[in-house]
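Chain by chain, the residues run as shown.
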Amino acid sequence: MQNPRYALVAYVRNAVGEFVENLRQELHPDLPHLPAHVTILPPRRLQDGELSALETLEDICSQVEPFEVTLGDVETFVPVTPTVFIRAAHAAHRLHELHVRLNAKALAAQEEWPYMPHLTIVKLSTEELAQKAYIYSRDRWAQFAGSRHIPVSELTFVREQDQNHWVDLAGVRLGRSLVKP
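The present account deals with the structure reproduced in this document. The residue numbering used here restarts from 1 in each chain and proceeds along that chain's sequence as written. Totals for whole chains, interfaces and linings use all residues, but because this is a predicted model, local features are given only for residues with pLDDT of at least 70 and pairs of side-chain atoms are given and counted only at 80 or more. With hydrogens and water stripped out, all remaining heavy atoms of the structure feed into the side-chain values.

With that out of the way, let us pick up the nonpolar core. Within this scheme, the nonpolar core is defined by two criteria: the residues are buried Ala, Val, Leu, Ile, Met, Phe, Trp, Tyr or Cys, and they are joined through side-chain atoms within 4.5 Å. Only protein chains enter the accessibility calculation, which uses a 1.4 Å probe; a residue whose area is less than 20% of its type maximum is buried, one above 50% is exposed, and one in between is partly exposed. If you look at the biggest cluster of nonpolar residues, it comprises 52 residues, and the most contacted ones within it are I40, L95, L102, L119, L155 and F157. Numbering goes from the N terminus for both helices and strands, where a helix is a DSSP run of H or I of at least four residues and a strand is a run of E of at least two. When residues of this core are assigned to their parent elements, the largest contribution, five residues, is made by helix α2 (residues 50-61). Contacts between residues were defined by any pair of non-hydrogen atoms, one from each residue, lying within 4.5 Å. Sequence-distant contacts of I40, that is, excluding residues within four places in its chain, are made with L8, V9, A10, L95, L98, H99, L102, Y115 and L155.

For K132, the location among the structural elements is in helix α4 (residues 127-143). Residue K132 is classed as exposed on the basis of its relative accessible area of 53%.

Here we come to α4. With 17 residues, α4 should cover 24 Å at 1.5 Å per step; its first-to-last C-alpha distance of 24 Å lies within 8% of that length. Taken together, the buried positions of α4 are A130, A133, Y134, S137 and W141. Viewed end-on, α4 has its buried residues packed into an arc of 115°, placing them on one side of the element. Opposite the buried face of α4, by more than 90 degrees, sit the exposed residues E128, K132, A142 and Q143. Expected span, for any helix, means 1.5 Å times one less than how many residues it has. Arc definition: it is the arc formed by the directions from the helix axis to the C-beta atoms.

Okay, the side chain of E111 next. Along the chain, the position of E111 falls in the loop between α3 (92-102) and β5 (118-123). If we ignore the near neighbours within four places in the chain, the residues touching E111 are P42, R44, H99 and N103.

Moving on, we get to the packing of aromatic side chains. To pair, rings of Phe, Tyr and Trp, with the six-membered ring standing in for Trp, must have centres within 6.5 Å; the planes then decide the type, stacked if under 30 degrees apart, edge-to-face if over 60, and tilted in the middle. Evaluated as defined, the whole model comprises five aromatic pairs. Ring centres 5.4 Å apart and planes at 15° place the aromatic pair Y6 and F157 in the stacked group. You can see Y6 sitting in strand β1 (residues 6-11) and its partner F157 sitting in strand β7 (residues 154-162), a full 151 residues away along the chain. Comparing Y6 with F157, the two get one shared label, buried. Placement of a charge over a ring requires the Lys NZ or Arg CZ to be within 6 Å of the ring centre, with the centre-to-atom vector within 35 degrees of the ring normal. Stacked on the ring of W141, the Lys or Arg R148 has its end atom at 4.1 Å from the ring centre.

Axis definition: a line fitted to C-alpha atoms, over the contacting stretch in the case of helices. Angles run 0 to 180 degrees between N-to-C directions. Their axes nearest at 11 Å, the elements helix α1 (residues 15-27) and α4 cross at an angle of 145°. Judged by the twist between their axes, the crossing of α1 over α4 is right-handed. Residue-level inspection shows V16, F19, L23, E26 and L27 of α1 in contact with α4, the latter providing A133, Y136, S137, R140 and W141. All amino acids are sorted into three groups, where Ala, Val, Leu, Ile, Met, Phe, Trp, Tyr, Cys and Pro are nonpolar, Asp, Glu, Lys and Arg are charged, and the leftover types, Gly among them, are polar. In the contact of α1 with α4, the residues fall into seven nonpolar, one polar and two charged. Handedness of a crossing follows from how the near helix is turned relative to the far one, being left-handed for an anticlockwise turn of less than a right angle and right-handed for a clockwise one.

Below you can see the structure in the form of structure tokens.
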């Protein structure tokens, strides 16, 4: 892919992540597998190269201590986009602060939408499908008995390979240096 897009995510590798991945598979089975994640920096083109972006990530992330976010309610971005998500509630401000700090230097980009911390469940093709998925997801989330806390201790720098297909380039631990993918 020429002039690829890059993003920065925090994978959710616990019971909440498994719940979201299973729910997404139920709602949109033809989508390729996409690990559950909270987006820190939405897709963007880099002004400099990957190396410069990684240096910026390492510098900023080494100064941020890991934290935990509590998830809130299921919501939707309809009518703006047919997306269903779980809103970050407690400590959402920490995600927002991290986004602001990282949207700088080699990673700086003009955002298409205001940043709102969330865990995407599914993006569909129409508002009608999104409304149905919202109701179903809201009811399923209400029955979820596990912890609604997600740790944010490592971010992953990803590059778009093809549409709906992203590859991990590097993991960056908060409060630490780069780790191998």
